[in-house]
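# Structural overview
As a plain string of letters, each chain reads:
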Amino acid sequence: MRLLFLAVLRRHTGNAVTAQRVRDHLEAAGHVCILKDAFDFESPSEISNFIKAENLEAAVALHLYRGGRLLQGNGIPFGIIFGGTDLNEDVNQGDKNNVMGKVLEEARFAVAFTESMKETAQRQWLKYRKPDRSHWLSCARFMAQPRAKDKIYVQSQGIATVPNTAFNWNTFLQRSEINQSADNLHVFLLICGLRQVKDPLYLVDAFSEWHQEEPNVYMVIVGPEVDPVFTREVKAKVKRTPGVRLIREMAQEDLHAVMKNCFALVNSSVSEGMSAAILEAMDLEVPVLARNIPGNSAVVKHEVTGLLFSDPQEFVQLAKRLVSDPALEKTIIANGREYVRKYHSWQEERQTYRQLVRTLERSPED
């Protein structure tokens, strides 16, 4: 099939990485998959023209609102992959909520990264509604499709890390203006696009206080400048905060090399779908400290596969404990690596998408 894949493709973001990986899965199954940025289109009519021009037969969208709304009514079958902000943020906005419910009804399949995400979608949009006579025809068309609650599949993100073997850690430290020996250094790495939902400033003050007590601990924030206004705020704050550094986005292979060399990976997001950075850190045998939110607690079990914190002070306490307790560090690393290998198989993810895309080839009655 000739497939359209719609996603927000900001460079070096989790959505872009996920979209590239899923496209690879679909192309490996023999499909032609054209990956396009959802922000390049303003309306379903623009998508319709593109579909006709490219002779596309089906589509997949990452993010129920940003991508899915553009596919409504275009006459081709499509599937949806839930993101994070669609279920955690956009769902609370009435107009977006209504649009997303209609998109989900029309989609042939939907993929959630966790059981929790699936349950959230079911609570929001798949409640039983007794149809009235005024829309019996649309209900009949909908009932010809698979039942909505049966079309949501849970497939965790598949993880494969590829650290750049030629990467120079000491050069990175110098570029980050960390002028200390790597042997006695503890770098806590925070990977995120600079936008408010990722909350990169959440830990900055508490971490800086710790740095001033122990000058060999640093926090390095790495990520693309997604929100220009918020980026200026982050830059200004970091510039005047000892012990915290800000680095622009990096190629994935280099970022994996940085991750492999750091002491721990940090996630301070307000909400997450499923953080690929957390899973990549586990795969690279790096301990994880993550904010205790549903998306993170779905993959991080406290004191088993990582450490969960509820406020900046608890983060510092847990970080100090991790630094001073090699046995805990070793346990978390071993458990995290085993968890990723067991539950986030790249090969299983490929097989799932190969099977799901086949539903786009059949008529709804099949």
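Values in this document were obtained by computation on a predicted structure and should not be read as measured data.

### Things to note about the overall build of the protein chain
Along the protein chain, the regular secondary structure elements total 15 helices and 12 strands. For 366 residues, the compact-globule estimate of 2.2 N^0.38 gives 21 Å, and the protein chain sits close to it at 22 Å. Summarising its shape, the C-alpha atoms of the protein chain cover approximately 70 × 40 × 40 Å along the three principal directions. For the protein chain, with 366 residues in total, the buried portion stands at 54%. In the protein chain, which carries 45 positive and 46 negative side-chain charges, the distance between the mean positions of the two groups comes to 4 Å.

### Description of the sheet that holds strand S7 (residues 186-191)
Hydrogen bonds between backbone atoms are what pair the strands of a sheet, whose relative direction is either parallel or antiparallel. Read across the open sheet, the 6 strands follow the order S9-S8-S7-S10-S11-S12; overall the sheet is parallel. Looking at which strands have only one partner, the edges of the open sheet turn out to be strand S9 (244-247) and strand S12 (307-309). Each strand of the sheet is rotated relative to its neighbour by a mean of 25°, with strand direction disregarded. Each of strand S8 (217-222) and S9 is contacted by helix H9 (residues 228-239), which is oriented at about 140° to S9, the strand it contacts most.

### Observations regarding the nonpolar core
Counting 88 residues, the largest nonpolar core has Leu4, Phe5, Ile81, Phe82, Trp125, Phe172 and Leu189 as its most contacted members. Sequence-distant contacts of Phe5, that is, excluding residues within four places in its chain, are made with Ala19, Val22, Arg23, Cys33, Ile34, Leu35, Lys36, Val60, Ala61, Leu62 and Ile81. Ranked by size, the runner-up nonpolar core spans 30 residues in total, among them Leu203, Phe263, Val316 and Ala319.

### Overview of the packing of aromatic side chains
One pass over the full model with this rule turns up 11 aromatic pairs. Consider the rings of Trp169 and Phe172, whose centres lie 5.4 Å apart with planes at 20°: the pair is stacked. With Trp169 and Phe172 both in helix H7 (residues 169-175), this residue pair falls 3 residues apart, about one helical turn. Side by side, Trp169 and Phe172 carry an identical accessibility label, which is buried.

### Comments concerning the sheet that holds strand S3 (residues 58-62)
On the basis of which strands lie adjacent, the open sheet formed by 6 strands has the order S2-S1-S3-S4-S5-S6 and parallel pairing. Whereas interior strands pair on both sides, the edge strands pair on one side only; in this sheet they are strand S2 (32-37) and strand S6 (152-154). Geometrically, the sheet is characterised by an average inter-axis angle of 20° between neighbouring strands, direction not taken into account. Two strands pair when backbone bridges link them, and strand S4 (residues 78-81) and strand S5 (residues 109-112) are joined in this way by 3 bridges, in the parallel orientation. Looking at the pairing, Ile81 lines up with Val111 of S5. On the sheet, helix H1 (residues 14-28) packs against strand S1 (2-7), S2, S3 and S4 and is oriented at approximately 165° with respect to S2. Helix H15 (residues 346-357) rests against S1, S4, S5 and S6 of the sheet, and its axis sits at about 160° to S5.

### Brief notes about the UniProt feature "domain: Glycosyl transferase family" (unreviewed entry) in the protein chain
In this numbering, the UniProt entry assigns the feature "domain: Glycosyl transferase family" (unreviewed entry) to residues 179-338. Along residues 179-338 one finds 44% helix and 17% strand; the C-alpha atoms at either end are 35 Å apart.

### Re helix H2 (residues 44-54)
Looking only at H2, the buried set comprises Ile47, Ser48, Phe50 and Ile51. All buried residues of H2 project into a common sector of 165° when viewed along the axis, lining one side. Every exposed residue of H2 that faces more than 90 degrees away from the buried side is listed here: Asn49, Lys52 and Ala53.

### Concerning helix H10 (residues 252-261)
Among the residues of H10, those classed as buried are Leu255, His256, Ala257, Val258 and Met259. If you follow the buried residues of H10, they end up packed against H7, S7, S8 and helix H11 (276-283).

### Let's talk about the confidence of the model for the protein chain
When pLDDT is averaged along the protein chain, the result is 89; 92% of the residues meet or exceed 70. pLDDT under 50 marks residues 128-146. Its contacts with residues more than four places away, or in other chains, come to 13 contacts.

### Section: the packing of H1 against H15
For the pair H1 and H15, the least separation of the axes is 9 Å and the interaxial angle reads 65°. Crossing handedness for the pair H1 and H15: right-handed. Where H1 approaches H15, its residues Arg21, Val22, Asp24, His25, Leu26 and Ala28 are matched on the opposing element by Trp346, Glu349, Arg350, Tyr353, Arg354 and Val357. Looking at the contact of H1 with H15, its residues break down into 6 nonpolar, 1 polar and 5 charged.

### So, the side chain of Thr359
Tracing the sequence through the fold places Thr359 in the segment after H15. On the basis of relative accessibility, which here comes to 15%, the residue Thr359 falls in the buried class. Separated by 2.6 Å, the side chain of Thr359 and the backbone oxygen of Leu356 make a polar contact. Residues within four places of Thr359 in sequence aside, it is in contact with Arg108 and Phe109.

### Topic: the pattern of salt bridges
Inspection of every chain in the model, using the stated rule, returns 12 salt bridges. Where Arg21 meets Glu349, a salt bridge forms, and the shortest distance between an N and an O atom there is 2.7 Å. One end of the pair, Arg21, is in helix H1; the other, Glu349, is in helix H15, with 328 residues separating them in the sequence. Here Arg21 and Glu349 have matching classes, each one buried. The salt bridge partner of Arg337 is Glu285, with a shortest N-O separation of 2.9 Å. In this pair, Arg337 is assigned in helix H14 (residues 326-343) and Glu285 in the loop between H11 and strand S11 (288-291), connecting sequence segments 52 residues apart.

Conventions used here
Residues numbered from 1 in each chain as written. Predicted model: local features only at pLDDT ≥ 70, side-chain atom pairs only at ≥ 80, totals over all residues. Heavy atoms only, no water. Helix = DSSP H or I, 4+ residues; strand = E, 2+ residues; numbered from the N terminus. Rg over C-alpha atoms; globule rule 2.2 N^0.38 Å. Buried < 20%, exposed > 50% of the residue type's maximum accessible area, 1.4 Å probe, protein only. Lys, Arg positive; Asp, Glu negative; His and termini not counted. Charge placed at Lys NZ, Arg CZ, Asp CG, Glu CD. Pairing = 2+ DSSP bridges. Axes fitted to C-alpha atoms, helices over the stretch in contact; angles between N-to-C directions. Contact = heavy atoms within 4.5 Å. Core = buried A, V, L, I, M, F, W, Y, C linked by side-chain atoms within 4.5 Å. Phe/Tyr/Trp six-rings, centres within 6.5 Å; stacked < 30°, edge-to-face > 60°. UniProt positions renumbered as here; feature names shortened; annotations may be inferred. Arc of directions from axis to C-beta. pLDDT = per-residue confidence, 0-100. Left-handed = near helix turned anticlockwise from the far one by under 90°. Nonpolar A, V, L, I, M, F, W, Y, C, P; charged D, E, K, R; others polar. Polar contact = N/O pair within 3.5 Å; in protein donor to acceptor, adjacent residues only side chain to side chain. Salt bridge = Lys/Arg side-chain N within 4 Å of Asp/Glu carboxyl O.

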